[in-house]
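Architecture and fold: a report
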There are 2 protein chains.
Amino acid sequence: MTKFTESKCDVLIVGAGPAGLMAARMLAQFVAYKPDLKVRIIDKRSTKVYNGQADGLQCRTIESFKNLGIADRILSEANDMCTINLYNPVDGVLKRTDRIPDTLPGISRYHQVVLHQGRIERHVIDSIDKVSGGRIKVERPIIPESLEIDESKVDDPDAYPITVKLRYMGEEESTPRQFGHGTENGLFRSNLQSQEEEDAHYQLPEGCEAGQIETVHAKYVIGCDGGHSWVRRTLGIDMVGEQTDYIWGVLDAVPASNFPDIRGRCAIHSENDGSIMIIPREEGLVRFYIQMADRAEQGCRVDRSKFTPETIINQAKRIFKPYYFDITELDWFTAYHIGQRVAPTFSRHERAFIAGDACHTHSPKAGQGMNTSMMDTYNLGWKLGLVLTGRANRNLLKTYESERQPFAQALIDFDHKFSRLFSGRPAKDVADEMGVNMDEFKNVFFKGNKFASGTAINYDPSVIVSKGPKSLGDAKLAANIEIGTRLQSAQVCRHSEGLPMDIQDLLVTNGAFRILLFAGDVTNAAQMARVHKFAEYLDSEGSVVSRYTPADRKRDFAIEVLTVHANSRDDVEMHDFPKALYPKFDYNKVYADCESWHKGHGHAHDSYGISTADGALIVVRPDGYVAMVASIDDTAALDEYFGAFLRQPTPNLGASTEVEWTKVETK
Amino acid sequence: MTKFTESKCDVLIVGAGPAGLMAARMLAQFVAYKPDLKVRIIDKRSTKVYNGQADGLQCRTIESFKNLGIADRILSEANDMCTINLYNPVDGVLKRTDRIPDTLPGISRYHQVVLHQGRIERHVIDSIDKVSGGRIKVERPIIPESLEIDESKVDDPDAYPITVKLRYMGEEESTPRQFGHGTENGLFRSNLQSQEEEDAHYQLPEGCEAGQIETVHAKYVIGCDGGHSWVRRTLGIDMVGEQTDYIWGVLDAVPASNFPDIRGRCAIHSENDGSIMIIPREEGLVRFYIQMADRAEQGCRVDRSKFTPETIINQAKRIFKPYYFDITELDWFTAYHIGQRVAPTFSRHERAFIAGDACHTHSPKAGQGMNTSMMDTYNLGWKLGLVLTGRANRNLLKTYESERQPFAQALIDFDHKFSRLFSGRPAKDVADEMGVNMDEFKNVFFKGNKFASGTAINYDPSVIVSKGPKSLGDAKLAANIEIGTRLQSAQVCRHSEGLPMDIQDLLVTNGAFRILLFAGDVTNAAQMARVHKFAEYLDSEGSVVSRYTPADRKRDFAIEVLTVHANSRDDVEMHDFPKALYPKFDYNKVYADCESWHKGHGHAHDSYGISTADGALIVVRPDGYVAMVASIDDTAALDEYFGAFLRQPTPNLGASTEVEWTKVETK
């Protein structure tokens, strides 16, 4: 007898890989605010992945993790890459021809690092649990079997236009069949993975039984179900792109080798046997991407049984010559066939979305897959959260596709070029037109580093990115800031005690927008008068802070104002600033762009191109991207910017969590 | 009916405050090595402290925590102090007269921070549990009732000359009566303290009952039982020193004030009403030390009932004038009477030791108490561990008192001077001889910062500190290193991939000594030949590494050799070095003192005053202190140094945990 049940939820996330978990993490903060919001995340596998898989973390991903409160733990476990070593044939012998930095100096506070995907997912899951107060749990093994959208209801914000039928799976059918996993003796077990191993058993959610069918009525669904995405196919969205005929083997192993840079990131082109990329990992492991001699035939499936650890290791031995290569421990292996494909659309009616591998697939060697997947839902999550909690209009949701699809396309184009240069045979001389010019390869690799870091993303003008000819405000007031990119960090000192801090650390991912008031030189009385006038605006009933802050919330809940002045802490006191800039004596709101004892001067105004005579307002989105630059006097631009997509919330008259502050005056 | 039991243990630690917990943590690593080692720690209180108490962490303490693997978590919770603000009367009005850095730039990688003692203890307890594999647990509430030493047995390393009778306590008698705690409504509860609150209930160890008497036969006992130490009194050791007549009140509170530096560390001298020190803490709390108008009469007990939150706050209001001062939340308060006293001896027969407040008490305002207490047992712990595991002779234990007692005396002298300057009335003019000269105060405060940081500790010559006229080796070869001080950090790059790292991070606290081989410029063939000769010595049967490494342990277990060369990674490969310097292809043994991509050049040779033409050997103790400097050729100095206190271990023929490495040769 099949058990049938029926339920409602606000968001159903299909797939608990990096994209799905980040979606859940971003929505968790809104669940904490509005506990009746129902967010579910399901996965068809009975257990988490615990070896192999993607593991590079790019700068922008780490910056985002920092603002989610999970970067420090991840970095303490990860391996910092550092240098890329280029090896090429020189007079027929493989030699190191160059070294370049793995992360270009200056593009971020962080460097690219590597850590096993299972550990990264563990930290995101722990954070979901903590932030949502245990309200969002991954439910597994569950598979969706049908998905329908009632198009007549898609524009009604309170409707549940999505209907999904879910089936609870049995143990046999849900066991992950990971190619290569479990086939070797002597598997290398990281001592970091005990929690993963504890989780690795079949268990349906409480009260559910195998075979049960649940009909879910949802406001939104997000397909994060990987390269063969069932959600994408069900929505009728096709992937566009092509496949190469190159096949690569992958080993996660402890190497035994006299190759000089066996613990360094390397790009190795042998003369005639193909290429290798080395990615040194945590805990003594090294990942090897090894180009196989076999080629795929267009339109045919590759016979995977030909690729065993032995054939891959033997191929590596050939490429590494004259160096000796073998392994002492094998953790995981696989083989794949490079393809670059992207979905032309990421949504149906802004009710059903796809994210991550479900909408873009490419080669793993630039370390982009997991990063782009998580950044997709880092983008979507806050938008959906604001709409679901009645704080933004549905027009905000259109910007998910308009921001992420062009980036995915650019990534595919980059990977197309990069992987062909990597898989190609090195040119023997300038006349060898079929070969790859190694100078060109180095150049693409070097420039590609900035692209790959995620810090170069520059979103087009939209309702939330005010730039270009018709923009609000005045971009010139912060000449070095590119509106539409993430705010690069700069050091400022917290006024209350002079502690040097990174501005990026103030941009906690909690759904709030920020107005950074760069106040400039406030010892100039006229400039201080402008600051006071801006504070009067904030205190007024019509200000964006007054209008968009729910009645029961602190003043920094929806739009947080942070002040950075350009004076020494000896020349101006925090109490010289109007109280609207530090509501209830909050010592975390006012900063000085000045000399510190231990870390020098941050020169934040200078680095952003802001004149200390004029100052500027910088509006930063909840995901850390710069939305608008405006004059301190231009409060009309704030009104217009936020008015285009925010909704005035229904006042929630629940108990305030704040303590009233005694008014303090100098006697 | 009283239950009587009898037992044996290697070490009995009395008191589970900072000193006792650090003793247990240091011994935990030896328990991990030798699981039949029995280390016990008992405390008479039924629960841990969870508010108030000491909370400053000095630079050297944090450096030590880093090597114990607990610094990062503690720092993520702590509040970084930063600036000290000096306030004095100027023409009768309280004004800020100066700002100085709280931690002198350049003395350490870390700055002084503050965190609640309960959190620090929590991290140490977690680490004890992890490192000892759950074999060391705090047992409470248990009180010692008698202690005897059989002097005829003290020189026999295998004997149990200590007999202690323990009594298991009832709930009523073991509840901590902390002055001030629990007396106020509206207690400020840190969300970090849930674990402490969970622990806060009465529970005897399993199988024990209240009133039970246990007779313990121990090899060693450590009294970490505080200022009124029962162990010290039982051993007949008197404290020497005196008390002032100043009384100070203490508040941990969330302030409401328009005082400009209420969230900064301040030293405030009012004209006639006494002084205040402000210590900004984590989670919005601020600690105030407030000098009371009442004085103590010599020889009489102070009537504590006179000191309530109201009297202390009212006194603060007077001192803060013309600024307004009040509090919105009170977490804890107390009052104390300054005294400076120190024990002349820290041990009886090197079998019974005292540590922490049990042997030195002073005023809390320089933030020294908890730090000095933990550093006492950080010093004792590795020595006792080496002796207990048969790896060192008992003569090593004499250096505990010879190193820590003079430091405690110096601390008492510093505190005596500092606290009188702090408690004194500011001089009205140069003729006011009864007043304190504020320039002198600032000067002592500034200089005292280096002393207070713990980085200035310089141990005298001993069997483990080879310096002075009769020293081994040649101190001149590292001209900027002061033998007997902790090794200051310098940046080097791990050769295998070029990652910049701090040398101090390599000095993991695991009971191992280190020989840092500063190899200098090894592109010079003669210098490389010296390095190869040194490696031959290491490989020989008579080398200190071969002699003192137990048979079943890795080559780096007792004495780890780390190589730092002064060449670019492009000019020399790791495999150019002899294999003895990276046993079993361990990529964590060879470092380059060279330029890095993101953090510049560390100039480690230069900063230590080591010539790249000559190089040097630096011997570092398990606690990070420099023991000896010698020439690369002077292996005789190594033999003599280690021979003076290490014992050749009994080979342990248990199973090796290592994987054999395939020998690799270039073909």
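Remember, it's a predicted structure, so these values are computed and weren't measured experimentally. (Residues numbered from 1 in each chain as written. Chains lettered and ligands numbered in written order. Predicted model: local features only at pLDDT ≥ 70, side-chain atom pairs only at ≥ 80, totals over all residues. Heavy atoms only, no water.)

A word on the relation of the copies chain B and chain A
When chain B is fitted onto chain A, the two copies agree to an RMSD of 0.0 Å after a turn of 180° and an axial shift of 0.0 Å. Considering both components of the superposition, the chain copies are consistent with a two-fold axis. (Least-squares fit on C-alpha atoms with pLDDT ≥ 70 in both.)

Let's talk about the sheet that holds strand 7 (residues 113-114) of chain A
Residues and elements named next belong to chain A. The antiparallel open sheet is built from three strands, whose spatial order is 3-7-4. Where the open sheet ends on each side, the last strands, each with one partner, are strand 3 (56-57) and strand 4 (79-80). Where strand 4 and strand 7 come together, two bridges link them in antiparallel fashion. Across the sheet, the residue bridging to N79 is V114, located in strand 7. (Pairing = 2+ DSSP bridges. Helix = DSSP H or I, 4+ residues; strand = E, 2+ residues; numbered from the N terminus.)

Observations concerning the domain arrangement of chain A
All names here are of chain A. Under the domain assignment, chain A is made up of domain 1 (4-53 + 113-239 + 342-406) and domain 2 (475-643). The C-alpha centroid of domain 2 is placed 36 Å from the C-alpha centroid of domain 1. For the pair domain 1 and domain 2, the summed buried surface comes to about 1000 Å²; carbon and sulfur atoms form 55% of the total. When the buried area of domain 1 at its contact with domain 2 is split by residue, Y33, W382 and R391 rank highest and sum to 52% of it. Taken together, domain 1 and domain 2 are joined by one salt bridge. (Domains from an automatic or database assignment. Buried area = accessible area lost by both parts, 1.4 Å probe. Salt bridge = Lys/Arg side-chain N within 4 Å of Asp/Glu carboxyl O.)

Comments concerning a positive patch on the surface
Residues R73 and K130 of chain A together with R73 and K130 of chain B make up a contiguous surface patch of positive charge. When you line up the elements, R73 of chain B lands in helix 3 (residues 71-77). (Patch = residues over 30% accessible without salt bridge, like charges linked within 9 Å, V, L, I, M, F, W, Y side chains within 5 Å. Areas by Shrake-Rupley, 256 points an atom, 1.4 Å probe, with all protein chains shown as cover. Lys, Arg positive; Asp, Glu negative; His and termini not counted. Charge placed at Lys NZ, Arg CZ, Asp CG, Glu CD.)

Some details on the environment of G473 of chain B
Residue and element names in this part refer to chain B. Relative to the assigned elements, G473 resides in the loop between helix 11 (438-452) and strand 20 (491-494). Along the primary structure G473 and M628 are separated by 155 residues, whereas in three dimensions their C-alpha atoms are 6.7 Å apart. With residues near it in sequence (within four places) discarded, G473 still touches M628, V629, A630, D634 and A637. (Contact = heavy atoms within 4.5 Å.)

Thoughts on the sheet that holds strand 16 (residues 325-342) of chain A
Residues and elements named next belong to chain A. Spatially, 6-5-13-14-15-12-16-19 is the arrangement adopted by the eight strands of the open sheet, whose pairing is mixed. In this open sheet, the two strands that pair with only one neighbour each are strand 6 (93-101) and strand 19 (360-361). With five bridges joining them, strand 14 (residues 275-280) and strand 15 (residues 286-295) adopt antiparallel strand pairing. Bridge pairing in strand 15 places P280 opposite V286.

What about the nonpolar core?
In globular proteins that are soluble, nonpolar side chains generally tend to be buried together. Residues I618 and F642 of chain B are the most contacted members of the largest nonpolar core, which totals 200 residues. Each residue touching F642 of chain B, except ones within four places of it in the same chain, is listed here: F513, I515, V544, Y548, I559 and V619 of chain B. Within the second largest apolar cluster, 175 residues are counted, among which are A23, V465, F577 and Y591 of chain A. (Core = buried A, V, L, I, M, F, W, Y, C linked by side-chain atoms within 4.5 Å. Buried < 20%, exposed > 50% of the residue type's maximum accessible area, 1.4 Å probe, protein only.)

Notes on the side chain of H269 of chain B
All names here are of chain B. Of note, H269 is situated in strand 13 (residues 265-269). Assessed through its relative accessible area of 0%, H269 is described here as buried. Within the structure, the side chain of H269 is placed 3.1 Å from the backbone oxygen of F422, a separation counted as a polar contact. (Polar contact = N/O pair within 3.5 Å; in protein donor to acceptor, adjacent residues only side chain to side chain.)

Digging into the side chain of D80 of chain A
For D80 of chain A, the location among the structural elements is in strand 4. Despite its burial, D80 of chain A pairs with no opposite charge; the closest candidate is K599 of chain B, at 7.0 Å N-O. Side-chain polar atoms of D80 of chain A contact the side chain of H111 of chain A, separated by 3.2 Å. Apart from the residues lying within four places of it in its own chain, the contact partners of D80 of chain A are H111, Q112 and V113 of chain A together with L499 of chain B.

A look at the interface of chain B and chain A
Interface size is often expressed as the accessible area that is lost when the parts come together. Contact with chain B, which involves 49 residues of that partner, is made by 49 residues of chain A. Our count for the contact surface shared by chain B and chain A stands at six salt bridges. For D570 of chain B, the salt bridge is made with R99 of chain A, and the minimal N-O distance between the two is 2.6 Å. Counting across the chain B and chain A interface gives 15 residue pairs in polar contact (both at pLDDT 80 or more). Counting residues per element, the ones that place at least two in the side of chain B that touches chain A are strand 4 (79-80), strand 6 (93-101), strand 12 (240-257) and strand 16 (325-342) of chain B. Looking at the side of chain B that touches chain A element by element, the count peaks at four residues for strand 6 of chain B.

Observations concerning the packing of helix 1 (residues 18-33) of chain B against helix 9 (residues 369-388) of chain B
All names here are of chain B. As a packed pair, helix 1 and helix 9 sit with axes 7 Å apart at the nearest point and diverge in direction by 30°. As judged from the angle between their axes, helix 1 and helix 9 are roughly parallel. Our pair here, helix 1 against helix 9, has a crossing hand that is right-handed. In contact with P18, A19, M22, A23, M26, L27 and F30 of helix 1, helix 9 contributes M370, S373, M374, M375, T377, Y378, G381, W382, L384, G385, L386 and L388. When its residues are assigned to classes, the contact of helix 1 with helix 9 shows 15 nonpolar, four polar and no charged. (Axes fitted to C-alpha atoms, helices over the stretch in contact; angles between N-to-C directions. Parallel < 35°, antiparallel > 145°, perpendicular 65-115°, else oblique. Left-handed = near helix turned anticlockwise from the far one by under 90°. Nonpolar A, V, L, I, M, F, W, Y, C, P; charged D, E, K, R; others polar.)

Quick word on the UniProt feature "domain: Phenol hydroxylase-like C-terminal dimerisation" (unreviewed entry) in chain A
The sites that carry the UniProt feature "domain: Phenol hydroxylase-like C-terminal dimerisation" (unreviewed entry) are, in the present numbering, residues 457-648 of chain A. Within residues 457-648 of chain A, the helical portion is 20% and the strand portion 20%, while the C-alpha atoms at the span's ends are 31 Å from each other. (UniProt positions renumbered as here; feature names shortened; annotations may be inferred.)

Notes on the pairing of strand 2 (residues 39-42) of chain B
Residue and element names in this part refer to chain B. On strand 2, burial covers both faces: V39 and I41 on one face and R40 and I42 on the other are all buried. With four bridges joining them, strand 1 (residues 4-14) and strand 2 adopt parallel strand pairing. Looking at the pairing, I13 lines up with I41 of strand 2. Pairing of strand 2 with strand 8 (residues 138-139), which is carried by two bridges, proceeds in the parallel orientation.

Observations regarding the environment of I338 of chain B
Residues and elements named next belong to chain B. The topology assignment puts I338 in strand 16. Taking relative accessible area as the criterion, I338 reaches 0% and is therefore assigned buried. The spatial distance from the C-alpha of I338 to the C-alpha of Q243 is 6.0 Å, given a sequence separation of 95 residues. Leaving out residues up to four positions away in the same chain, I338 has contacts with Q243, T244, Y246, W248, S363, K365, S419 and S423.

Describing unusual backbone geometry
Residue and element names in this part refer to chain A. Residue K321 is joined to P322 through a cis peptide bond whose omega torsion reads 10°. By secondary structure assignment, the location of P322 is in the loop between helix 8 (309-320) and strand 16. Phi angles above zero are rare outside glycine, and D91 is one such case at about 50°. For D91, a relative accessible area of 78% translates into the label exposed.

What to know about the packing of helix 9 of chain B against helix 10 (residues 398-423) of chain B
Residue and element names in this part refer to chain B. It is the contact of helix 9 with helix 10, at a shortest axis distance of 10 Å, that shows an interaxial angle of 170°. Considering the angle they form, helix 9 stands roughly antiparallel to helix 10. Note on element contacts: helix 10 touches helix 9 through T399, Y400, E403, R404, F407 and L411, opposite T372, M375, D376, N379, L380 and K383. Split by residue class, the contact of helix 9 with helix 10 holds five nonpolar, three polar and four charged.

A word on the pattern of salt bridges
Should the charged atoms of two oppositely charged side chains come close, the side chains can pair. Residue and element names in this part refer to chain A. On inspection of all chains with the given rule, the structure shows 88 salt bridges over all chains. Between D505 and R109 there is a salt bridge, and its shortest N-O distance comes to 3.0 Å. Of this pair, D505 sits in helix 12 (residues 503-506) while R109 is found in the loop between strand 6 and strand 7, placing the two residues 396 residues apart along the sequence. Here R109 falls in the partly exposed class, since its relative accessible area comes to 26%.

What about the confidence of the model for chain A?
Residue and element names in this part refer to chain A. Within chain A, residue pLDDT values average 89, and 92% of them lie at 70 or more. Throughout residues 178-198 the model reports pLDDT below 50, and contacts reaching past four residues in sequence, or to other chains, amount to 46 contacts. Between residues 652-667, whose pLDDT stays under 50, and residues either more than four places distant or in other chains, the model counts 29 contacts. (pLDDT = per-residue confidence, 0-100.)

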